[in-house]
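Residue strings, one per chain:
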Amino acid sequence: MKIKLNENYKNLKESYLFSEVAKRVKAYSAEHPEAKIIRLGIGDVTLPLTASVIEAMHKATDEMGVQATFRGYAPEHGYDFIREAVAKYYLERTGVKLELDEIFVGDGAKSDIANITDLFGDNEIMLADPVYPVYMDSNLMRGRKVTLLPANEANGFLPMPPAEKKEGVIVYLCSPGNPTGAVYSAEQLSEWVKYANETGSLIIFDSAYEAYVSDGSPRSIFEIEGSRTCAIEICSLSKTAGFTGTRCGWTIIPLELEEDGRSLAKMWERRQSTKFNGVPYVVQRAAEAAISEAGRKESAESIAYYMENAKVLASVMREKGISFTGGINSPYIWLKCPGGMGSWEFFDYLLTKFGIVGTPGVGFGAEGEGYFRLTAFGSHEATLEAAERLRKGL
Ligand code: PLP
């Protein structure tokens, strides 16, 4: 072949975190076939879709089988009914008022997070370290310079704006955060919004875990004054309503966001209508049901189930004097490996001594070394069993 390839792909680090975890677990299981391994490393939900969602999907599926109600291509930005449902969801849950033209329904947060990079030129990118890897990789693929902001014990795993005022930077914020579970307060987000407005920078706010916020912390960046002139928000129903396999989310781009007289919302519309053909009708109806009043009640029960697991794990950490964040507004517990162990050392220790699998923090960035992520997405039974094992021996 004589084609030129995207050289930026050479700058991507091999993503070996989950394959290495799987390899070590497989090797251990082969040596100890009797071991009952408990997986607390998964970032995927495990509870099924709820009754309202399933009912809406059945109904929409039936509509698709009748000529009078059959639907073909959906609008790229989503049908009006789902845009209206999202606007209502924001208004009722956060008091944030959105125009329908600001709401773009898509197939989940990962694609929108990665694809939004299409809109921008050669800007510097600022990211927390450790962080959800898609922010980094999608920008490396475009050859952008990435500056890391350490998220560590000193700043409560919530990096704040740097002292140096950098102009025109794109900052990714995730709250509640993956992997650390830390959540920004309104005051902290206000500082970021101030920084962005003063420097002509843009915040891309990932609110994939907003449904886990329980202490009054902001669920949306648009709860913060001044954010409409400097922020885009990307959210998803994956962790809110078990849509990891069903795929639906949205991106909010305020109409005020303009650069050089060009509207970012219009550019995104243009981008999506060229490279995306909309979320399936059945899924949009499912999403509408998920954020309806009944759907919200049901998903609140699923979230309460997960958060009960988080409580169990958090109580073991407290008993053992292990410092951690998360577990309150987040399904993740981000703990400091005891005895000064490194992330992989602690992984092996947990696996071989307790038969428990988690995720080494260093897999999310260099600053994650010496930390470890446990998740609350397992079953109660498995989580209680894991807690019992840790209580006895940790
Ligand atoms: N953002 C964060 C912080 C995540 O942890 C995840 C998934 O784990 C996503 C986005 C992607 O979610 P989705 O399933 O909507 O693509």
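Residues numbered from 1 in each chain as written. Predicted model: local features only at pLDDT ≥ 70, side-chain atom pairs only at ≥ 80, totals over all residues. Heavy atoms only, no water.

1. Here we look at the side chain of Q272
Piece 1. Take Q272: it is sitting in helix α8 (residues 264-275).
Piece 2. Reaching out from Q272, the side chain makes a polar contact with the side chain of R271 at a distance of 2.7 Å. (Helix = DSSP H or I, 4+ residues; strand = E, 2+ residues; numbered from the N terminus. Polar contact = N/O pair within 3.5 Å; in protein donor to acceptor, adjacent residues only side chain to side chain.)

2. With respect to the pairing of strand β2 (residues 103-106)
Piece 1. The side-chain alternation of β2 yields two buried faces, one formed by I103 and V105 and the other by F104 and G106.
Piece 2. Pairing analysis gives four bridges linking β2 to strand β8 (residues 249-252), with the strands arranged antiparallel. Bridge pairing in β8 links F104 to T251. (Buried < 20%, exposed > 50% of the residue type's maximum accessible area, 1.4 Å probe, protein only. Pairing = 2+ DSSP bridges.)

3. Section: the sheet that holds β8
Piece 1. The strand order across the open sheet formed by seven strands is β2-β8-β7-β6-β5-β3-β4, and the pairing between neighbours is mixed. Because the sheet does not close on itself, it has two edges, and the strands there are β2 and β4 (146-150). Averaged over all pairs of adjacent strands, the angle between strand axes in this sheet comes to 20 degrees, irrespective of strand direction.
Piece 2. Note that strand β3 (residues 124-129) and strand β5 (residues 169-174) share three bridges and pair parallel. Note that in β5 the partner of E124 across the bridge is V169.
Piece 3. Where helix α5 (residues 133-140) meets the sheet, it contacts β3, β4, β5 and β6 (202-206), and its direction lies at approximately 160 degrees from that of β4.
Piece 4. In the packing of helix α6 (residues 186-199) onto the sheet, the strands contacted are β3, β4, β5 and β6, and the crossing angle to β6 comes to about 145 degrees. (Axes fitted to C-alpha atoms, helices over the stretch in contact; angles between N-to-C directions. Contact = heavy atoms within 4.5 Å.)

4. Description of the sheet that holds strand β14 (residues 359-360)
Piece 1. Taken in spatial order, the four strands make up an open sheet running β11-β12-β15-β14, and their pairing is antiparallel. The sheet is open, and its two borders are formed by β11 (324-326) and β14, each paired with just one other strand.
Piece 2. As defined by bridge partners, strand β12 (residues 332-336) adjoins strand β15 (residues 371-375) across five bridges and the pair is classed as antiparallel. If you follow I333 over to β15, its bridge partner there is L374.

5. Some details on empty space enclosed by the protein
Piece 1. For the structure on display, the rule yields three cavities of 30 Å³ or more.
Piece 2. What the largest cavity holds in volume is close to 170 Å³.
Piece 3. Looking at the largest cavity, it is lined by 20 residues, and the ones nearest its centre are A128, P130, F157, P159 and C174.
Piece 4. Of all the secondary structure elements, the ones that give two or more residues to the lining of the largest cavity are β3 and β5.
Piece 5. Tallied by class, residues from the lining of the largest cavity come to 17 nonpolar, three polar and no charged. (1 Å grid on protein atoms, 1.4 Å probe; cavity = no way out; pocket = protein on both sides within 12 Å on 5 of 7 lines; lining within 4 Å. Points joined across faces, edges and corners; volume = space filled by probe spheres on them. Nonpolar A, V, L, I, M, F, W, Y, C, P; charged D, E, K, R; others polar.)

6. Thoughts on the site of the ligand
Piece 1. The full set close to the ligand counts 15 residues, and A109, D206, Y209, S236 and S238 are the nearest of them.
Piece 2. Residue Y209 places a side-chain N or O atom 2.7 Å away from an oxygen atom belonging to the ligand.
Piece 3. The side chain of S236 places a nitrogen or oxygen atom 2.6 Å from an oxygen atom of the ligand.
Piece 4. Protein coverage of the free-state accessible area of the ligand, which is 400 Å², stands at 90%.
Piece 5. A molecule is said to occupy a pocket when more than half its atoms come within 2 Å of that pocket's grid points, and by this definition the ligand occupies the largest pocket.
Piece 6. Mapped by element, the contributors of at least two residues to the shell around the ligand are α4 (109-115) and α7 (238-241).
Piece 7. Per-element tally for the shell around the ligand: the top contributor is α4, with three residues.
Piece 8. Here the shell around the ligand is built from residues that sort into seven nonpolar, four polar and four charged. (Near = heavy atom within 4 Å. Areas by Shrake-Rupley, 256 points an atom, 1.4 Å probe, with all protein chains shown as cover. Sits in = over half its atoms within 2 Å of the grid points.)

7. Comments concerning the layout of surface pockets
Piece 1. Reported here for the largest pocket is a volume of approximately 1300 Å³.
Piece 2. The wall of the largest pocket is formed by 41 residues, among which V131, Y132, P133, V134 and F364 lie closest to the centre.
Piece 3. Of all the elements in the fold, those that place two or more residues in the lining of the largest pocket are α1 (17-31), α4, β3, α5 and α7.
Piece 4. Partitioning the lining of the largest pocket into residue classes produces 21 nonpolar, 10 polar and 10 charged.
Piece 5. Volume-wise, the second largest pocket comes out at about 420 Å³.

8. Remarks on helix α12 (residues 380-393)
Piece 1. Given a rise of 1.5 Å per residue, 14 residues ought to cover 20 Å, and the 20 Å separating the end C-alpha atoms of α12 matches this to within 8%.
Piece 2. Burial in α12 covers these residues: T383, A386, A387, R389 and L390. Summarising the axial view, the buried residues of α12 lie within an arc of 165 degrees, below the 170-degree limit, and thus occupy one face. Summarising the geometry of α12, the exposed residues directed more than 90 degrees from the buried face are E381 and K392. (Expected span 1.5 Å × (residues − 1). Arc of directions from axis to C-beta.)

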